[in-house]
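Here's the letter readout for the chains.
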Amino acid sequence: SETQTDAALTDGFNLVVDALKLNGITEIYGVAGIPVTDLMRLAQEKGIHYFGFRHETSAGHAAAISGYLRQWPGICMTVSAPGFLNGMVALANATTNGFPMILISGSSDRAIVDLQQGDYEELDQMNAAKPFAKAAYRIERVEDIGIGVARAIRAALSGRPGGVYLDLPAAILPAVMDAGKGAASLIQVVDPAPASIPADSAVTRALALLAQAKRPLVILGKGASYARIEKDIRQFLETTAIPFLPMSMAKGLMPDTHPQSAATARSKVLAEADVVVLVGARLNWLLGHGKPPQWAADGQFIQLDIDPVEIDSNRKIEAPVVGDIASSVRRLLEGLSATPVKAPQDWIDSIEAHKAENAKKMAARLAARPVPLNFFAALGAVSRVVQDHPEAYIVSEGANTLDVGRNLIDMTLPRHRLDVGTWGVMGIGMGFAIAAAVTQQAPVIAVEGDSAFGFSGMEIETICRYNLPVTVVIMNNGGIYRGDDVNRSGDGEPGVTTLSAAARYDRMMEAFGGKGYAVTTSEDLESALREAVASRKPALINVAIDIHVGTESGHLKKLNPGAAQAAK
Ligand code: ADP
Ligand code: MG
């Protein structure tokens, strides 16, 4: 009979969902439409949580940060061509940052696409994805779904993690095959991120260099956070007394309040360190490429990284330790018994003196209570609340909001700060916040510049729809960088960095059923934030900031060429 035949068959829809489930995928972030709507419905029916977004870039950012937080790929699912391209921003960002994620997009008829005959949403998606992805695959036969998903997971997780694109032509979804053969075609990946042990000689070389250092420094990057080395790195640092500096997303791997943190003496230690240990941090623009004037010209480097090609990328690395960071730090720790390392006391003392001086300056800055608010007073209030909520995840983007917040908001737990990362990309805010809330069941505080928020602001509807414990704090100074830009033409139109300073973003949140607050003082900000975090419900605080404060380009002024001459 017909039912007997049906029972013996499966199809592409079921196989995709079964392959994801078999590999421990518990959420999909996406935007529904042709040809993946029914795939999403089936995933939901079969027990995968589906989170529907308003824009694919945000769904992709959610998948990426889920990957970072879980050490397991997050899944973003989109429609073809335009939806796929929107997702690509997040995929490229994930690849750049080393976050494991898989972007799965439905695509149009291959025969028509390849002859460019003009299909609905026609685009050669797999090839479009290649330069921005760690790997890109297309599944063209229903019996290859299991292999395709396994390859995508392995590519996302192994070595340096990254973004993988998986193309699903619409035709394979309703395609049927024998159910038994279908089930047998699925693969549960085994050990997709294998340990990679550094050579003994590399460990010995690194420790020998470190042992004779007069001014050693450890830099912790988000690769170290991702690798979850908090226990071993703490033991290594406390045994050796070496001062450390966290990169932005590595804040909390060691508590920012740890006495060995050199964060408030950053410029000094970068300029003076003679042996630097990079632990999952790259010598890219965020570290001045490891070159003078930020760094000593004769400083020597030890670099722990899983990617051998990263070594010597910006300057000479005297002692590369290529391997996974967990194994590498463990070996270094074990090696300390044969090669003891101790940071010289005069180096520690000179850092302490510098820190004390800077702390005094900062205390004076934080004591001020200006109205209208500036970034220090507003972010100081945020930091006081975060101190009492170490479990909260902090998402941050913006220019001054990001730069000042990075310094003021101390983190005490690993992987609790999620921000613009390697690219300095704007638009991660709501996607990161949603995935942090979904995967960690903890309160999330998204500290956003008013401009940065605009890139994903519509997702507050998503936050309300799923009733997530996210508080969005908008530092509203009415502009990109600041709100007082002058239109030099005199035609009365707004200046190029100007946004609406009078905007009431809190009312957007109320429109979707969340709680809105509008505050103008640091006291009101602090109490609103305490209430919002405790409520575990969607909330948005519009913080009125002086339109005249804020540095153009934040800390990146030197990257923004200014016109040498006025208009002619
Ligand atoms: P940050 O911006 O915090 O300095 P980066 O993203 O620049 O961090 O650097 C992270 C580095 O960590 C990358 O070079 C990446 O290859 C490396 N990495 C990521 N995961 C691991 C891991 N498990 N083991 C070793 N290295 C890793
Ligand atoms: Mg602004």
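The structure under discussion appears in the preceding block.
In the vicinity of ligand 1, 18 residues are found, and the nearest of them are Arg-160, Lys-222, Arg-282, Asp-305 and Ile-325. Asp-305 places a side-chain nitrogen or oxygen 2.4 Å from an oxygen atom of ligand 1. Relative to its unbound accessible surface of 570 Å², ligand 1 loses 95% to contact with the protein. Top contributing element to the shell around ligand 1 by residue count: helix α11 (residues 222-226), with three residues.

Read across the sheet, six strands follow the order β15-β14-β16-β17-β19-β18 without closing on themselves; strand pairing throughout is parallel. A strand with exactly one partner marks an edge of an open sheet, and here the two such strands are β15 (417-419) and β18 (515-519). Within this sheet the neighbouring strands show an average axis-to-axis angle of 15 degrees, counted without direction. Sheet contacts for helix α16 (residues 375-388): β14 (393-397), β16 (444-449), β17 (470-476) and β19 (539-544); angle to β17, the most-contacted strand, approximately 165 degrees. Sheet strands touched by helix α18 (residues 429-440): β14, β15, β16 and β17. Its angle to β16, the strand with the most contacts, is close to 175 degrees.

Here we come to the coordination of the magnesium ion (ligand 2). Protein-derived coordination of the magnesium ion (ligand 2) comes from Asp-450 (OD), Asn-477 (OD1) and Gly-479 (O), at a distance range of 2.1 to 2.2 Å. All donors of the magnesium ion (ligand 2) come from a single chain, and their spacing in sequence reads D-x26-N-x1-G. Placement of Asp-450 in helix α19 (residues 450-454) and of Asn-477 in the loop between β17 and α21 (505-511) is noted, with a sequence separation of 27 residues between them. Pair check on accessibility: Asp-450 and Asn-477 agree, each one buried.

Turning next to the packing of α16 against helix α17 (residues 400-408). In contact at an axis separation of 9 Å, α16 and α17 are set at 50 degrees when each is read in the N-to-C sense. Classified by the angle between their axes, α16 and α17 sit oblique to one another. Pair α16 / α17 crosses with right-handed handedness. Contacts between α16 and α17 involve Phe-375, Phe-376, Leu-379, Gly-380 and Ser-383 from the first element and Asn-400, Thr-401, Val-404, Gly-405 and Leu-408 from the second. Here the residues of the contact of α16 with α17 are counted per class, giving five nonpolar, five polar and no charged.

Moving on, we come to the pairing of strand β6 (residues 135-138). It is a general feature of regular strands that their side chains alternate between the two faces of the sheet. Taking every second residue as pointing to the same face, both faces of β6 are buried, with Ala-135 and Tyr-137 on one and Ala-136 and Arg-138 on the other. Handedness of the crossover is the feature at issue here: the chain leaves β6, passes through helix α8 (residues 145-157), returns alongside strand β7 (residues 163-169), and the resulting connection is right-handed.

A word on α17. Taken across its nine residues, α17 has seven buried, putting it largely inside the fold. Contacts from the buried residues of α17 go to α15 (345-367), α16, β14, β15, β16 and β17.

Let's shift gears to the environment of Val-425. Among the secondary structure elements, Val-425 is positioned in the loop between β15 and α18. According to the relative accessible area criterion, Val-425 is buried, its value standing at 13%. Each C-alpha atom, one on Val-425 and one on Gln-300, is 31 Å from the other, the two residues being 125 residues apart in sequence. The contact partners of Val-425, leaving out residues within four places of it in the chain, are Asn-93, Glu-397 and Val-420.

So, on to unusual backbone geometry. At the junction of Ile-34 and Pro-35, the peptide bond is cis and its omega measures out at 0 degrees in the coordinates. With respect to the helices and strands, Pro-35 occurs in the loop between β2 (27-30) and α3 (37-45). Of note, the amide linkage connecting Val-371 to Pro-372 takes the cis form, showing an omega dihedral of 0 degrees. Mapped onto the elements, Pro-372 comes out in the loop between α15 and α16.

Now for the environment of Ile-311. Here Ile-311 is to be found in the loop between β12 (300-305) and β13 (319-322). Judged by its relative accessible area of 12%, Ile-311 falls in the buried class. Linking Ile-311 and Val-322, residues 11 residues apart in sequence, is a C-alpha distance of 8.5 Å. Beyond its immediate stretch of four places on either side in the chain, Ile-311 contacts Gln-303, Ile-317, Pro-320 and Val-322.

Before going further, it helps to examine the pairing of β13. Of the two faces of β13, only one is covered, namely that formed by Ala-319 and Val-321; the face formed by Pro-320 and Val-322 stays uncovered. Relative to β13, β12 runs parallel, the two sharing four bridges. When the bridges of β13 are listed, Asp-305 appears paired with Val-322.

Our focus in this paragraph is the sheet that holds β13. Spatial ordering of the open sheet is given by β10-β9-β11-β12-β13, a layout of five strands whose pairing is parallel. The outermost strands of the open sheet, each flanked by one partner alone, are β10 (244-246) and β13. Taking each pair of neighbouring strands and ignoring which way they run, the sheet shows an average axis angle of 15 degrees. Relative to the sheet, helix α14 (residues 325-335) contacts β11 (275-279), β12 and β13, its axis offset from that of β12 by approximately 130 degrees.

Each aromatic ring pair is summarised here by two numbers: the centre-to-centre distance and the angle between the ring planes. One pass over the structure, following the stated rule, counts nine aromatic pairs. The interplanar angle of 55 degrees and the centroid separation of 4.8 Å between the aromatic rings of Phe-51 and Tyr-466 together place this pair among those described as tilted. With Phe-51 in strand β3 (residues 49-52) and Tyr-466 in the loop between α20 (460-465) and β17, this residue pair connects regions lying 415 residues apart in the sequence. For Phe-51, a relative accessible area of 9% puts it in the buried group.

Within the secondary structure layout, Thr-439 lies in helix α18. Taking the relative accessible area as the measure of exposure, Thr-439 reaches 9% and is therefore buried. Between the alpha carbons of Thr-439 and Ile-187 there is a distance of 25 Å; along the sequence they are 252 residues apart. The contact partners of Thr-439, leaving out residues within four places of it in the chain, are Glu-27, Tyr-29, Ser-66, Leu-69 and Arg-70. Of the polar contacts made by the side chain of Thr-439, one reaches the backbone oxygen of Ala-435; its length is 2.8 Å. At 2.9 Å, the side chain of Thr-439 and the side chain of Gln-440 are in polar contact.

Turning our eyes to something else, we now look at the side chain of Lys-222. In this fold, Lys-222 is placed in helix α11. Apart from residues no more than four positions distant in its own chain, Lys-222 is found in contact with Tyr-68, Asn-97, Phe-99, Met-249, Ala-250, Gly-280, Arg-282, Gly-421 and Thr-422.

Procedures and definitions
Throughout, a residue's number is its position along its own chain's written sequence, starting from 1. Working convention: letters from A go to chains and numbers from 1 go to ligands, in the order in which they are written. Selection of residues for local features in this predicted model requires a pLDDT of at least 70, selection of side-chain atom pairs for listing and counting requires 80 or more, and totals for whole chains, interfaces and linings are taken over all residues. Excluded from the side-chain calculations are hydrogens and water; all other atoms, namely the structure's heavy atoms, are used. Nearness of a residue to a molecule or strand requires only that one of the residue's heavy atoms be within 4 Å of it. The term polar contact refers here to a pair of N or O atoms within 3.5 Å; inside protein, the definition further demands a hydrogen-donor-capable atom paired with an acceptor-capable atom, and it admits residues adjacent in sequence only when both atoms are side-chain atoms. Surface exposure here means Shrake-Rupley accessible area, sampled with a 1.4 Å probe, where a residue is shielded only by the protein chains that are shown. A run of H or I in DSSP becomes a helix once it reaches four residues, and a run of E becomes a strand once it reaches two; helices and strands are each numbered from the N terminus. Here, a strand pair is defined by DSSP locating no fewer than two bridges between the strands. Every axis in this analysis is a line fitted to C-alpha atoms, fitted for helices over the stretch in contact. Angles between the N-to-C directions lie between 0 and 180 degrees. Two residues form a contact once any of their heavy atoms are found within 4.5 Å. Here the term donor refers to an N, O or S atom within 2.8 Å of the metal (or 3.2 Å for Na, K and Ca), and because water is left out of the atoms, sites may appear incomplete. Burial status follows relative accessibility: with a 1.4 Å probe on protein chains alone, a residue under 20% of its type maximum counts as buried, one over 50% as exposed, and anything between as partly exposed. Angles below 35 degrees are treated as roughly parallel, those above 145 as roughly antiparallel, those between 65 and 115 as roughly perpendicular, and all remaining angles as oblique. Should the near helix be turned anticlockwise from the far one by less than a right angle, the crossing is termed left-handed; should it be turned clockwise, right-handed. Residue polarity follows a fixed list, in which Ala, Val, Leu, Ile, Met, Phe, Trp, Tyr, Cys and Pro are nonpolar, Asp, Glu, Lys and Arg are charged, and the others, Gly among them, are polar. Consider the strands pointing away from the viewer: the crossover is right-handed when the path from the first strand over the helix to the second runs clockwise. Ring pairs are drawn from Phe, Tyr and Trp, using the six-membered ring of Trp, whenever the two centres fall within 6.5 Å, and their geometry is named by plane angle: stacked under 30 degrees, edge-to-face over 60, tilted for the rest.

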